[in-house]
Amino acid sequence: MSISSIESRAVTPSLGARAASTALSESRSGWLATLLVSGATAVWAAATAVTLLVPDVRPLYTTAQIGAITALLTALFAAGALAGIAQPRVRAFVRALAPWFLVLGIAALAWQLITAKHKLLPLPYFPPPQTILDAFESDWSLLLESIFYSMRLLVLGVGLGAATGFLTGIAMGWSKRAHYWINPILRTIGPIPATAWLPLAFVLLPTAFGASIFILALATWFPVTFLTWAGVVSVSRSYYDVARTLGARDRFLVWKVAVPAAMPSVFVGLFMGLGNSFVTLLAAEMLGVKAGLGWYITWAQGWAAYPKVYAALAIIAALFSGLILLLFRVRDNVLSWQKGLVRW
Amino acid sequence: MESVERYTRKQFLRRSALGIGAVAAAGGGAVASSLPAFGAAGARPQLKLGWAGGTCEAATYVGHDVGFFEKEGLDVELVRLANSQAGIDALGAGKIDAIGGVIYQYLKPFEQGLDVRFAAGLHGGCLRLVAKPNCGVHKLADLKGRTVGVDAIGGGSMAFVSALLSREGVDPTTDVQWRAYPRAEFPTVLDRGDVEVIAAGDPFSYFLLRDGKAYEVANNMQGGVYYTDRGISHHHFCCFAVLRGGLVRDDPKTAAALTRAWIKSSQYVGEHLDETARLETDQKYVAVDAPTAKALISSYEWHPTAQGIYDEVLRAAVDFKAAKILDPRTDVVDLANRAYVDIFKLGA
Amino acid sequence: MVAASAAQAIVSPPSGIGVAIQHLSHEFTLPSGPLPVLDDIDLTIEPGSFVALLGPSGSGKSTILRIVAGLDAPTHGAVVVDGSPVTGPDPSRALVFQDPTLLPWRTVWRNVGLGPEALGTLTRDDPRVAEALERVGLTGFARAYPHQLSGGMAQRVALARALVNEPALFLLDEPLGKLDALTRVVLQKELLRLWEAGGFTALLVTHDVDEALTLSDRLIVLSERPGRIVGDLQVDLARPRRHDEPRFQELRRTVLGLLGFDE
């Protein structure tokens with residue numbers, strides 16, 4: 001008998017034993033998973049019941065709708081669980097979803113009980129879900145308009161900031177003179193929050209719209225510059241050596257060697273810049289803006305209309321997630337060569 | 001037998017001491033600070049009053065410095081706030097017990113669930129609608145289709161103008177545009193032509209008038225003689241005694257005492273304008289100089305009262321609902337009933 | 001001259017060029033003070049020959065190559081290649097490193113085409129790239145990315161990248177040092193084949209005595225830092241060379257002796 005076959009015998013249990021142990025562990029995890037799934041369904045059913053059957057502690061206009069949404073979610077999940085009995089792929093999906101669904105169900109139930117059925121937390125800061133749905137329904141056209149205005153501001157401001165940041169970072173990384181002049185600016189201006197610039201920007205720029213764009217651009221410029229510079233500076237010298245021996249001149253070295261090598265770092269900067277910009281959006285929209293999500297939040301907050309605030313925050317969260325996802329897709333495309341090397 | 005009794009009594013005492021200690025430790029923080037602190041016997045009730053640096057909050061400053069609060073047996077601490085909007089959250093969090101608040105700023109939050117009550121009117125005026133010369137705006141109806149600059153979207157100035165507009169049949173949400181600008185930049189804003197009309201509170205709106213950059217179109221006193229009380233006619237109130245709901249429920253006597261003192265000091269302001277202006281500037285309550293302070297408070301109305309305040313609150317609610325600031329489904333009578341408190345009856 | 005020949009179809013391999021290293025000394029400037037690495041190197045290399053530079057680590061062999069390539073300027077002395085002094089890097093003096101140093105964001109094809117692209121002469125489906133890949137035996141890997149290649153394949157791409165410019169002088173800095181023994185043997189044969197077909201002058205830096213004896217016509221031995229020439233042997237063996245030939249072993253003993261290893 002060869003050595004390899006002896007080894008394999010010792011290490012791998014027999015096929016029959018292996019199948020049995022797998023089946024045992026599956027069945028053990030099986031009934032736990034079933035418990036989770038049924039538990040989650042039960043909690044959501046309870047939330048539906050509480051929403052529709054327990055009387056509201058004060059007049060809320062959308063309780064029936066909230067109840068309907070809760071019931072729909074319960075029904076969908078239950079349908080999925082039932083379908084999973086026959087379909088293993090559906091079963092796996094439902095089981096993967098179950099723990100989060102359970103937690104969300106508990107949260108939904110608690111939220112209804114605490115805010116809509118009893119007044120356990122102070123208003124107006126902890127409103128029931130009915131009021132948030134109500135805010136969406138009564139302000140949907142204003143919210144849509146606000147989304148458009150904010151997106152326009154974001155695209156222009158972030159675009160400007162990212163483009164200038166990219167070029168500044170390359171200049172800083174490549175030219176000692178550029179680094180000498182820009183580095184102190186980067187160090188002093190960068191950390192100052194954009195909100196502090198508001199009044200100054202407003203006076204210096206001809207329009208309030210320009211001031212808002214400026215604030216957003218500034219918030220994006222700092223991280224993009226910094227990380228582009230870091231990327232360019234950390235390019236391995238041997239890349240330059242190779243290119244130079246092949247006849248490359250400075251322009252080729254900058255644009256065809258330094259920039260592509262720095263791209264992973266540039267993307268980190270873009271992510272940070274995008275995140276920064278959302279935070280700054282609120283401040284940027286405090287000036288002379290006709291509509292916008294930040295404007296909407298400030299306005300609603302002034303009235304202590306917190307359901308509206310939370311509705312707008314939910315929209316901002318969704319938009320932000322979407323944009324980040326988009327940026328990820330772009331990055332995956334541009335940096336596809338990293339697939340084998342780095343896991344992000 | 002005796003020893004058992006003593007033992008169980010000792011146990012009981014120890015347990016209650018521990019219990020009280022635990023409750024005291026757990027109950028600290030916002031909850032404790034929001035209750036009037038009753039210390040050892042003989043101590044006066046402690047109250048926190050908010051203020052934001054306006055000349056129109058004179059009644060608060062005078063009540064504290066001249067001694068009206070003290071005369072009612074109250075120990076009042078003045079809490080500085082960043083701006084008038086911060087008062088809303090300060091009351092909601094229980095960090096202050098009362099504030100002289102613009103009803104236009106507090107009514108909607110009340111509808112949203114903010115736990116406050118309106119007890120008395122303190123003064124009238126301090127919010128103005130001003131327009132650039134030769135822009136063609138001479139009355140409120142002229143604002144239709146125009147853009148108005150304000151200090152804060154949803155602030156008191158925007159609110160009072162919206163309320164007045166709805167009385168004129170102009171829809172403030174669709175017929176007028178609102179833009180917010182930093183207060184200090186209003187002169188620049190007018191010069192640049194970003195807007196031609198501004199609604200703001202004093203002293204910024206007053207400065208525009210004083211420097212000839214704009215003329216006054218309307219202010220928040222007007223609306224005709226609304227209520228006659230004891231032979232004194234007064235226009236609409238601007239600031240009301242806004243009391244924390246918990247204070248009114250738990251200690252109506254103190255709340256009544258506070259309101260009484262506040263009314264008296266507001267009366268005093270109206271009769272001692274010079275002295276008040278000097279006090280405001282010397283004690284650095286306000287950021288303007290004494291002559292400006294005097295000019296401002298002279299232009300307001302100081303006829304404080306708790307009479308007829310229900311009607312004021314109801315009127316404001318009706319206006320707001322028409323201006324679409326309050327929810328269209330809100331019952332304004334129910335709202336006014338819940339918002340107004342007859343504090344002298346409750347705290348008798 | 002190189003560009004002109006690249007524009008035509010390659011008919012005959014270009015001839016190698018001569019290198020004259022004249023009184024070359026070099027020192028690094030460190031914060032603690034100057035560190036001399038080369039001490040008066042004087043060396044003339046015949047066109048078309050295969051010369052090996054052998055020496056212990058730190059003897060400055062790589063520094064000599066970098067100076068000949070034009071990447072660094074020497075503190076004293078000069079290098080004259082094909083009659084003109086070296087002032088900077090040039091594609092006619094190709095340098096292959098120990099690390100393949102392929103640009104990871106480019107495919108093999110675009111890596112090999114880097115030289116022509118830098119000079120602005122690269123065309124779509126440029127035949128020079130395909131030809132270079134064929135010379136190193138990697139036709140079919142044009143679309144692969146560097147991270148998908150083994151060490152040996154990557155080094156071959158690096159060779160192709162250097163070859164595509166039809167260099168007259170090939171500088172090799174321990175190119176096979178990071179490869180496993182088997183791959184090394186294969187690539188040594190490759191290098192010889194390329195040299196015999198290409199006719200360029202080759203200057204190989206290595207620490208492997210057997211490799212130097214297998215490949216080169218002339219073996220220069222350097223001392224420890226600061227490096228100076230302590231030996232200059234002709235390797236008068238017919239190719240292909242066998243390690244078990246007595247003359248091979250004799251030369252090996254001589255070289256090791258020069259390096260300070262007495263058996």
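What you see is a predicted model; the values in this text were computed from it and never measured. (Residues numbered from 1 in each chain as written. Chains lettered and ligands numbered in written order. Predicted model: local features only at pLDDT ≥ 70, side-chain atom pairs only at ≥ 80, totals over all residues. Heavy atoms only, no water.)

**Q** Please give an account of the pattern of salt bridges that cites residues and values.
**A** The tally for this structure, following the rule as stated, stands at 43 salt bridges over all chains. Across the salt bridge formed by Asp244 of chain C and Arg242 of chain C, the nearest N and O atoms sit 3.0 Å from each other. By relative accessible area, Asp244 of chain C is classed as exposed at 52%. Residues joined in a network through salt bridges with shared partners are Lys256 of chain A together with Arg106, Arg110 and Glu117 of chain C. (Salt bridge = Lys/Arg side-chain N within 4 Å of Asp/Glu carboxyl O. Buried < 20%, exposed > 50% of the residue type's maximum accessible area, 1.4 Å probe, protein only.)

**Q** Before we move on, could you go through the sheet that holds strand E3 (residues 50-54) of chain C and cite the residues and values that matter?
**A** All names here are of chain C. As summarised here, the arrangement of the 6 strands in space is E6-E7-E8-E3-E9-E10, forming an open sheet in which the pairing is mixed. Sheet topology places strand E6 (93-96) and strand E10 (229-234) at the edges, where each strand pairs with a single neighbour. Along the sheet, successive strands turn relative to each other by an average axial angle of 15°, direction set aside. Looking at chain direction, strand E9 (residues 218-222) and E10 are connected through 5 bridges and run antiparallel. In the sheet register, Leu219 faces E10, and the bridge partner there is Leu233. Its contacts with the sheet place helix H2 (residues 61-69) against E3, E6, strand E7 (169-173), strand E8 (201-206) and E9, and it is angled at close to 150° to E7. (Pairing = 2+ DSSP bridges. Helix = DSSP H or I, 4+ residues; strand = E, 2+ residues; numbered from the N terminus. Axes fitted to C-alpha atoms, helices over the stretch in contact; angles between N-to-C directions. Contact = heavy atoms within 4.5 Å.)

**Q** Give me the sheet that holds strand E4 (residues 116-123) of chain B: which residues, what numbers.
**A** Residue and element names in this part refer to chain B. With mixed pairing, 5 strands are arranged side by side in an open sheet as E2-E1-E3-E12-E4. Every interior strand has two partners, whereas the edge strands, strand E2 (75-80) and E4, have only one. Strand-to-strand twist across the sheet, computed as the mean angle between neighbouring axes with direction ignored, equals 30°. Bridge count for strand E1 (residues 46-51) against strand E3 (residues 98-102) is 2 bridges, and the pairing is parallel. Across the sheet, residue Leu49 finds its bridge partner in E3, namely Ala98. Relative to the sheet, helix H11 (residues 252-271) contacts E1, E3, E4 and strand E12 (239-244), its axis offset from that of E4 by approximately 20°.

**Q** So what's going on with the side chain of Asp251 of chain B? Which residues, and what values?
**A** Along the polypeptide, Asp251 of chain B turns up in the loop between helix H10 (245-250) and H11. No salt bridge is formed by the buried Asp251 of chain B, whose closest oppositely charged neighbour, Lys253 of chain B, lies at an N-O distance of 7.5 Å. (Lys, Arg positive; Asp, Glu negative; His and termini not counted.)

**Q** Lay out the nonpolar core in plain terms, naming residues and giving numbers.
**A** By size, the foremost hydrophobic cluster in this structure holds 209 residues, and its most contacted members are Leu129, Leu143 and Trp262 of chain B. Here Leu129 of chain B is in contact with Leu140, Leu143, Val148, Phe160, Val161, Val197, Ile198, Ala199, Tyr215, Glu216, Val217 and Ala218 of chain B, once residues within four sequence places are set aside. Among the nonpolar cores identified, the runner-up in size contains 36 residues, and Leu159, Leu176, Leu192 and Leu204 of chain C belong to it. (Core = buried A, V, L, I, M, F, W, Y, C linked by side-chain atoms within 4.5 Å.)

**Q** Let's hear about the interface of chain B and chain A: which residues, and what values?
**A** Listed as interface residues are 30 residues of chain B and, on the opposing side, 25 residues of chain A. Of the roughly 2200 Å² buried where chain B meets chain A, counting both sides, 56% is carbon and sulfur surface. Put simply, chain B and chain A have 1 salt bridge between them. In this structure, Arg329 of chain B engages Asp134 of chain A in a salt bridge whose closest nitrogen and oxygen atoms are separated by 2.4 Å. For the interface between chain B and chain A, the tally reads 6 residue pairs in polar contact (both at pLDDT 80 or more). Broken down by secondary-structure element, the contributors of at least two residues to the side of chain B that touches chain A are helix H5 (84-92), helix H6 (103-112), helix H7 (156-167), strand E7 (177-180) and helix H8 (186-192) of chain B. (Buried area = accessible area lost by both parts, 1.4 Å probe. Polar contact = N/O pair within 3.5 Å; in protein donor to acceptor, adjacent residues only side chain to side chain.)

**Q** A description of the interface of chain A and chain C should follow, citing residues and the corresponding values.
**A** Tallying the contact residues gives 19 residues for chain A and 25 residues for chain C. For the pair chain A and chain C, the summed buried area comes to about 2000 Å², and 69% of that belongs to carbon and sulfur atoms. Per-residue buried area on chain A facing chain C is highest for Thr245, Leu246 and Trp337 of chain A; these three make up 34% of the total on that side. Across the contact surface, chain A and chain C share 2 salt bridges. Its salt-bridge partner being Lys256 of chain A, residue Glu117 of chain C comes within 2.9 Å of it at the nearest N-O pair. Along the contact surface separating chain A from chain C lie 3 residue pairs in polar contact (both at pLDDT 80 or more). The set of elements that each furnish at least two residues to the side of chain A that touches chain C consists of helix H10 (237-245) and helix H11 (250-284) of chain A. In terms of residue class, the side of chain A that touches chain C is made up of 10 nonpolar, 5 polar and 4 charged. (Nonpolar A, V, L, I, M, F, W, Y, C, P; charged D, E, K, R; others polar.)

**Q** So what's going on with the pairing of E8 of chain C? Residues and values would help.
**A** Residue and element names in this part refer to chain C. Of all 6 residues in E8, 6 are buried, a share of seventy percent or more. Because side chains alternate across E8, one face comprises the buried residues Thr201, Leu203 and Val205, and the other comprises Ala202, Leu204 and Thr206, equally buried. In this structure, E3 lies alongside E8, joined through 5 bridges in parallel fashion. Following the sheet pairing, Phe50 is matched in E8 by Ala202. At this point the chain moves from E7, through helix H7 (residues 181-198), to the parallel E8, and the crossover so formed is right-handed. (Right-handed = clockwise from strand over helix to strand, strands pointing away.)

**Q** Describe a nonpolar patch on the surface, listing the residues and the values that go with them.
**A** Where nonpolar side chains cluster on the molecular surface, the patch consists of Ile69, Leu72, Leu73 and Leu76 of chain A and spans about 370 Å² of accessible area. By the secondary structure assignment, Leu72 of chain A is in helix H3 (residues 63-86). (Patch = residues over 30% accessible without salt bridge, like charges linked within 9 Å, V, L, I, M, F, W, Y side chains within 5 Å. Areas by Shrake-Rupley, 256 points an atom, 1.4 Å probe, with all protein chains shown as cover.)

**Q** Go over the confidence of the model for chain C with me, naming the residues and quoting the values.
**A** Residue and element names in this part refer to chain C. Residue-level pLDDT values for chain C average 86, and 94% of them are 70 or greater. When the elements of chain C are averaged for pLDDT, helix H1 (residues 2-7) gives the smallest value, 44, and helix H3 (residues 108-112) the largest, 93. Confidence over residues 1-13 falls short of pLDDT 50; this stretch has 10 contacts with residues more than four positions distant or in other chains. Model confidence for the complex is summarised by a pTM of 0.75, with the ipTM given as 0.84. (pLDDT = per-residue confidence, 0-100.)

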